[in-house]
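This is what each chain is made of:
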Amino acid sequence: KLCAFLKERIDWIRANLSKDSLIFTNLRDFSNCMVHHPDRVYHVVNFLSSLPAAERIMGIAYEDLGKSLPEEIGAWTCAVRKEMDRRGWTNGHFIIHVHEQWGLGHSTQLSCLAMGATGIWAGVCAEGAALGHADSTTTILNLIRLGNTKVQGQFNCQYLREAARVVTEVTTEGLTPARTPIYGDRAVDTVFGFLFSDPTAQGGFDLCKFFGLEQDIRITTMASPEMILLKLEKVFGKDEKFNLEIATSMKEQILKNAADDRKEEYNSKVGLALLFDQAGGKMTSEMAEAVEGDLKTSQHIDNLIAEIKEEWDIWDGRDGEIDDQVTFDHFYNGFMAPYFGCYRCEDSQKGLQCLDMDSDGMVDWNEFRFYLKWAGRQYPFVKTKDELLDMTFRKGLIPAMKDEIFQLREKNKDKIKN
């Protein structure tokens, strides 16, 4: 009766809508039926596969409601695909839609594609009923990561991340959650403690590079005048006041500040403008506006830093003395834990050299405050201390630590060569 009903609907669509309609039949309860009544799935698939070639539809769509294991639905997918091919329906599509429920959605979807599904039907982002579904952006980027080159010819893959973010914001009227894989803000962060397995560190797939996200120029005592000039032009645009002569003076000012034990930051708009001014440059109007804006928001940022300092002092006092230094363990427990996967790993230890951690395992408040101040200048509209900490780690400390590790690796390579 069900097969007869399907045939009636197929004929009606072709008679009333278009004889060339691209028709799919959706098996919405596919997984449950395969567990309890697999014979029913067989009869429907066998019937649709056995239709004369001229009467066959575009394909079969099927769903998993999120509770099946990847290996289970992978085996069922393989069985259905074999039956379709056995009846000669080799060009019939078999497309999967996976609801999220237990965190296995994308693994399930990839398993189905590996075992015979010809495609997916999904939204560009994960938003949907209940907990959402396995979205096309994440699936396609996983395929590319695993070596699939065909999807890059079919889709504008570099734009997928932006599309997923826009659709998420339109449908939810809110920002994309930061921890969303692939298209969340933190998806392109380095998770410290996992650098030893980071493919970008070994020349593998680089998500940041694939999406065309630029790696920022970071100004430190190691920066050359040429790098400083590039930073000036990138932040403030081309200007006749920006040249190698002023960039060299800025480099000298950085070294002078360091020698005088002045903890300054130079990577925000404001920090770079102030350095330009200290080195004898005449500020452009954009520089002046940046500094003026900083004066308006600096009290708010200082208040947030003061709140963080209160937390710092709690951890600082655990050794019986408040001396503006905390142990590595306390710094991790108090501030780092949300961002670092393994704080005792060698890469994490090396990366913390950008905080000038002493050999006795202490982290200094002035070094940490340096990054807090930078984040406050660069993102002046943060509302809470937690937002300020988030920007400090994600946009400041983590990239700086990654740079530190890569520089150490390059030095080690040179030593081995020599």
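Rules used throughout
- Residues numbered from 1 in each chain as written.
- Predicted model: local features only at pLDDT ≥ 70, side-chain atom pairs only at ≥ 80, totals over all residues.
- Heavy atoms only, no water.
- Buried < 20%, exposed > 50% of the residue type's maximum accessible area, 1.4 Å probe, protein only.
- Helix = DSSP H or I, 4+ residues; strand = E, 2+ residues; numbered from the N terminus.
- Pairing = 2+ DSSP bridges.
- Right-handed = clockwise from strand over helix to strand, strands pointing away.
- Salt bridge = Lys/Arg side-chain N within 4 Å of Asp/Glu carboxyl O.
- Phe/Tyr/Trp six-rings, centres within 6.5 Å; stacked < 30°, edge-to-face > 60°.
- Lys NZ or Arg CZ within 6 Å of the ring centre and 35° of its normal.
- Contact = heavy atoms within 4.5 Å.
- Axes fitted to C-alpha atoms, helices over the stretch in contact; angles between N-to-C directions.
- Core = buried A, V, L, I, M, F, W, Y, C linked by side-chain atoms within 4.5 Å.
- Parallel < 35°, antiparallel > 145°, perpendicular 65-115°, else oblique.
- Left-handed = near helix turned anticlockwise from the far one by under 90°.
- Nonpolar A, V, L, I, M, F, W, Y, C, P; charged D, E, K, R; others polar.
- Polar contact = N/O pair within 3.5 Å; in protein donor to acceptor, adjacent residues only side chain to side chain.

### As for the pairing of strand β2 (residues 59–64)
Within a regular strand, side chains alternate between the sheet's two faces. Among the six residues in β2, six count as buried, and that is most of the element. Residue alternation in β2 divides its side chains into two sets, Gly59, Ala61 and Glu63 and Ile60, Tyr62 and Asp64, and both sets are buried. Of the pairings in the sheet, the one linking strand β1 (residues 24–27) to β2 comprises four bridges and is parallel in character. By the bridge assignment, Phe24 is partnered in β2 with Gly59. Looking at chain direction, β2 and strand β3 (residues 93–98) are connected through six bridges and run parallel. By the bridge assignment, Ala61 is partnered in β3 with Ile95. Handedness of the β2-helix α4 (residues 70–86)-β3 crossover: right-handed.

### Details of the pattern of salt bridges
With the rule as written, the count across this model stands at 14 salt bridges. With a closest N to O distance of 3.1 Å, Lys373 and Asp302 form a salt bridge. Within this pair, whereas Lys373 is found in helix α16 (residues 365–378), its partner Asp302 is found in helix α13 (residues 285–316), the two being separated by 71 residues in sequence. With a shortest N-O distance of 2.7 Å, Asp313 and Lys309 are connected by a salt bridge. Here the residue Asp313 and the residue Lys309 both occupy positions in helix α13, the gap between them amounting to four residues, near one helical turn. Here the residues in one salt-bridge network are Lys7, Asp11 and Glu55, joined through shared partners.

### Brief notes about the packing of aromatic side chains
Taken as a whole and assessed by the stated rule, the structure comprises 14 aromatic pairs. Here a set of aromatic residues connected by ring pairs shows up, and it is made of Trp312, Phe331, Phe335, Trp365, Phe368 and Phe393. Sitting over the ring of Trp365, Lys309 keeps its end group 5.6 Å from the ring centre. The positively charged end of Arg318 is found above the aromatic ring belonging to Trp315, 4.1 Å away from the centroid.

### Quick word on the sheet that holds β1
Here we have four strands laid out as an open sheet, ordered β1-β2-β3-β4, and parallel in their pairing. For this open sheet the edge positions go to β1 and β4 (119–120), each flanked by a neighbour on one side alone. On top of the sheet, α4 reaches β2 and β3; it is set at about 160° to β3, its chief contact.

### Side note on the nonpolar core
Ranked by internal contacts, the top residues of the largest apolar core, which has 30 residues, are Phe331, Phe335, Phe368 and Phe393. Counting only elements with at least two residues in this core, the list comes to α13, α14 (328–336), α16 and α17 (385–417). Membership of the second largest hydrophobic core comes to 26 residues, among which are Phe30, Val44, Tyr62 and Met84.

### Remarks on the packing of helix α5 (residues 105–114) against helix α6 (residues 136–145)
Contact geometry of α5 with α6 gives a least axis separation of 10 Å together with a crossing angle of 60°. Considering the angle they form, α5 stands oblique to α6. You can see that α5 and α6 cross each other, and the crossing is right-handed. Residues His106, Gln109, Leu110 and Leu113 of α5 lie in contact with α6, whose contacting residues are Thr138, Thr139, Asn142 and Leu143. By residue class, the composition of the contact of α5 with α6 is three nonpolar, five polar and no charged.

### Focus: the environment of Tyr266
Among the structural elements, Tyr266 can be located in the loop between α11 (244–259) and α12 (269–278). The class of Tyr266 is buried, set by a relative accessible area of 7%. In sequence terms Tyr266 and Ile228 are 38 residues apart; their C-alpha atoms lie 9.7 Å from each other. Sequence-distant contacts of Tyr266, that is, excluding residues within four places in its chain, are made with Ile219, Ile254, Asn257, Gly271, Leu272 and Leu275. Polar contacts involving the side chain of Tyr266 include one to the side chain of Asn257, which spans 3.0 Å.

### Structural notes on the side chain of Thr176
Looking at the secondary structure, you find Thr176 in the loop between α8 (157–172) and α9 (207–210). Those residues within four positions of Thr176 in sequence are excluded, and the remaining contacts are Arg165, Thr168, Glu169, Tyr183 and Gly184.

Remember, this is a structural readout, not a statement about activity or role.
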